[in-house]
Amino acid sequence: CHKSGGQAASVNPADKAGRVWQKYFKRGRHPVDTGISAADTSAIIEYLVNHAADSDQPAAAVIPK
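Description of the structure in this document. Residue positions are counted from 1 within each chain, in the order its sequence is given. This being a predicted model, a pLDDT of at least 70 is required before a residue's local features are given, and a value of 80 or more before pairs of side-chain atoms are given or counted; all residues contribute to the totals for chains, interfaces and linings. With hydrogens and water excluded, all non-hydrogen atoms of the structure serve as input to the side-chain values.

For the rest of this paragraph, the subject is a positive patch on the surface. Residues Arg19, Lys23, Lys26, Arg27 and Arg29 make up a contiguous surface patch of positive charge. The residue Arg29 is located in the loop between α1 (18-26) and α2 (38-50) in this model. Here a patch means residues that are over 30% exposed by relative accessible area and free of salt bridges, tied together within 9 Å if like-charged and within 5 Å if nonpolar (Val, Leu, Ile, Met, Phe, Trp, Tyr). Surface exposure here means Shrake-Rupley accessible area, sampled with a 1.4 Å probe, where a residue is shielded only by the protein chains that are shown. Each salt bridge in this description consists of a side-chain nitrogen of Lys or Arg and a carboxyl oxygen of Asp or Glu lying within 4 Å of one another. Think of it this way: Lys and Arg go in the positive column, Asp and Glu in the negative one, and His and the chain ends go nowhere. One atom stands in for each charge, and that atom is NZ of Lys, CZ of Arg, CG of Asp or CD of Glu. Helix and strand labels come from DSSP, where a helix needs a run of H or I of at least four residues and a strand needs a run of E of at least two; each type is numbered from the N terminus.

Structure (structure tokens):
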């Protein structure tokens with residue numbers, strides 16, 4: 001969904017703080033069952049947290065609009 005032509009907007013990890021990303025997924029806020037494995041979901045969350053607004057490298061993940 002987050003790729004070109006998908007229904008969801010692009011995701012920019014630096015739009016939120018790391019703890020906000022963690023809470024988002026912990027609370028099941030992602031509305032679609034994507035069939036993504038638990039390991040892949042963990043990797044996605046780790047990426048979002050590592051490049052979140054309050055991380056050491058937020059600019060590394062900025063996606064042009």
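Alright, that's what it looks like, and here's the rest.
Stacked, tilted and edge-to-face pairs are distinguished by plane angle, under 30 degrees for stacked and over 60 for edge-to-face with tilted covering the rest, among Phe, Tyr and Trp rings (Trp via its six-membered ring) whose centres lie within 6.5 Å. Counted under the stated rule, the structure contains 2 aromatic pairs. Consider the rings of Trp21 and Tyr24, whose centres lie 6.3 Å apart with planes at 80 degrees: the pair is edge-to-face. Taken as a pair, Trp21 and Tyr24 lie in helix α1 at a separation of 3 residues, close to a single helical turn. Partly exposed residues are those whose accessible area sits between 20% and 50% of the maximum for their type, while under 20% is buried and over 50% is exposed, using a 1.4 Å probe and protein chains only. Assessed through its relative accessible area of 7%, Trp21 is described here as buried. When the centroid spacing of 5.1 Å and the interplanar angle of 80 degrees are considered together, the rings of Tyr24 and Phe25 count as edge-to-face. A relative accessible area of 26% means that Tyr24 is categorised as partly exposed.

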